[in-house]
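This is what each chain is made of:
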Amino acid sequence: MSARAQALDQIDTALAELGAIEASLAAVRRGQNPGVNRGDVARRFHAIAHAGTGHHAFSPVQELAALAEKVTDGTDRSILHTAGEIEVVQHAADVLSLLLRDMGHQLLGRRGADVTPAAGALRGRVGSMLMAARR
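Residues numbered from 1 in each chain as written. Predicted model: local features only at pLDDT ≥ 70, side-chain atom pairs only at ≥ 80, totals over all residues. Heavy atoms only, no water.

**A closer look at the overall build of the protein chain**
To keep it simple, the criterion reads: Working definition: helices are DSSP H or I runs of at least four residues, strands are E runs of at least two. Numbering for both runs from the N terminus. The globule rule used here is 2.2 Å times the number of residues to the 0.38 power, and the radius of gyration it is set against is calculated over C-alpha atoms.
Helix and strand counts for the protein chain come out as five helices and two strands. When the helices and strands of the protein chain are listed from N to C terminus, the series reads α-β-α-α-β-α-α. In terms of overall size, the protein chain behaves like a compact globule, its C-alpha atoms giving a radius of gyration of 15 Å where 135 residues would be expected to give roughly 14 Å. Summarising its shape, the C-alpha atoms of the protein chain cover approximately 45 × 30 × 25 Å along the three principal directions.

**Comments concerning the packing of helix 2 (residues 38-49) against helix 3 (residues 59-73)**
Each pair of packed helices can be summarised by the angle the axes make with each other and by the distance between the axes. This is how the line gets drawn: Throughout, an axis means a line fitted to C-alpha atoms (over the contacting stretch in the case of helices), and angles, computed between N-to-C directions, take values from 0 to 180 degrees. Angles are sorted into four bins: roughly parallel if under 35 degrees, roughly antiparallel if over 145, roughly perpendicular if 65 to 115, and oblique for all others. The crossing is said to be left-handed when, going from far helix to near helix, the turn is anticlockwise and less than a right angle, and right-handed when the turn is clockwise. In what follows, a contact means two residues having at least one pair of non-hydrogen atoms within 4.5 Å. Gly counts as polar in this scheme, as do all residues outside two lists: the nonpolar Ala, Val, Leu, Ile, Met, Phe, Trp, Tyr, Cys and Pro, and the charged Asp, Glu, Lys and Arg.
Interaxial distance between helix 2 and helix 3 falls to 8 Å at its minimum, and their mutual angle equals 165°. In terms of their interaxial angle, helix 2 and helix 3 are classed as roughly antiparallel. The crossing of helix 2 and helix 3 is left-handed. For the pair helix 2 and helix 3, contact is made by Arg38, Val41, Ala42, Phe45, His46, Ile48 and Ala49 and by Val61, Gln62, Ala65, Ala66, Ala68, Glu69, Thr72 and Asp73, respectively. The class makeup of the residues in the contact of helix 2 with helix 3 is nine nonpolar, three polar and three charged.

**Some details on the environment of Ser97**
Within the secondary structure layout, Ser97 lies in helix 4 (residues 83-107). Residues contacting Ser97, with those up to four places away along its chain left out, are Leu15 and Leu18.

**Things to note about helix 3**
What counts here: To estimate the expected span of a helix, subtract one from its residue number and multiply by 1.5 Å. Partly exposed describes any residue whose relative accessible area lies between the buried limit of under 20% and the exposed limit of over 50%, with all areas from a 1.4 Å probe on protein chains only and scaled to the type maximum.
Here helix 3 spans 21 Å end to end across 15 residues, near enough to the 21 Å set by a 1.5 Å rise per residue. Of all the residues in helix 3, the buried ones are Val61, Gln62, Leu64, Ala65, Leu67, Ala68, Glu69, Val71 and Thr72.

**With respect to the pattern of salt bridges**
Side-chain pairs of opposite charge can arise where the charged atoms are in close proximity. This is how it is decided: Salt bridges are counted wherever a side-chain nitrogen of Lys or Arg sits within 4 Å of a carboxyl oxygen of Asp or Glu.
If you walk through the whole model with that rule in mind, you get three salt bridges. Put simply, Asp40 and Arg44 hold a salt bridge, and the shortest N to O gap is 3.2 Å. Of this pair, Asp40 and Arg44 both sit in helix 2, four residues apart, which is roughly one turn of that helix. On the accessibility criterion, Arg44 (17% relative accessible area) is buried. Each of Glu17, Asp40, Arg43 and Arg44 takes part in a single network of salt bridges with overlapping partners.

**Observations concerning the confidence of the model for the protein chain**
Rules: A residue's pLDDT is the confidence the predictor assigns to it, expressed on a 0 to 100 scale.
Per-chain confidence: the protein chain averages 83 in pLDDT, with 90% of residues scoring 70 or above. The lowest-confidence element of the protein chain is helix 5 (residues 116-134), averaging 70 in pLDDT; the highest-confidence one is helix 1 (residues 3-29), averaging 93.

Given below as structure tokens:
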């Protein structure tokens, strides 16, 4: 398998993890679940953070997914249910999806988008949440 094909496969795997997170969030919004399973979300962000190990292009995805994992794994409860918690998970899923899709487009020779502002905003938001949790 070529390096490009391998990277595209890793992108697809990470997007599948994000799809599962999105499905959990959608179930909460529809009122089918009272919250999102913290352990499941943390495990999925962990899997995304370790996708593409060895590929330098994956480093922004790995960094942001690891931060999102810390936020979701840092609570004492087994369910994320507050609007703020769910909003941060949604924000992380959205930005990671943008980053991964952009990487896929670039690998396929298409023009990439400037996703740096979205990644920076998520990094700042998650960093603030981690700092607040430590206090």
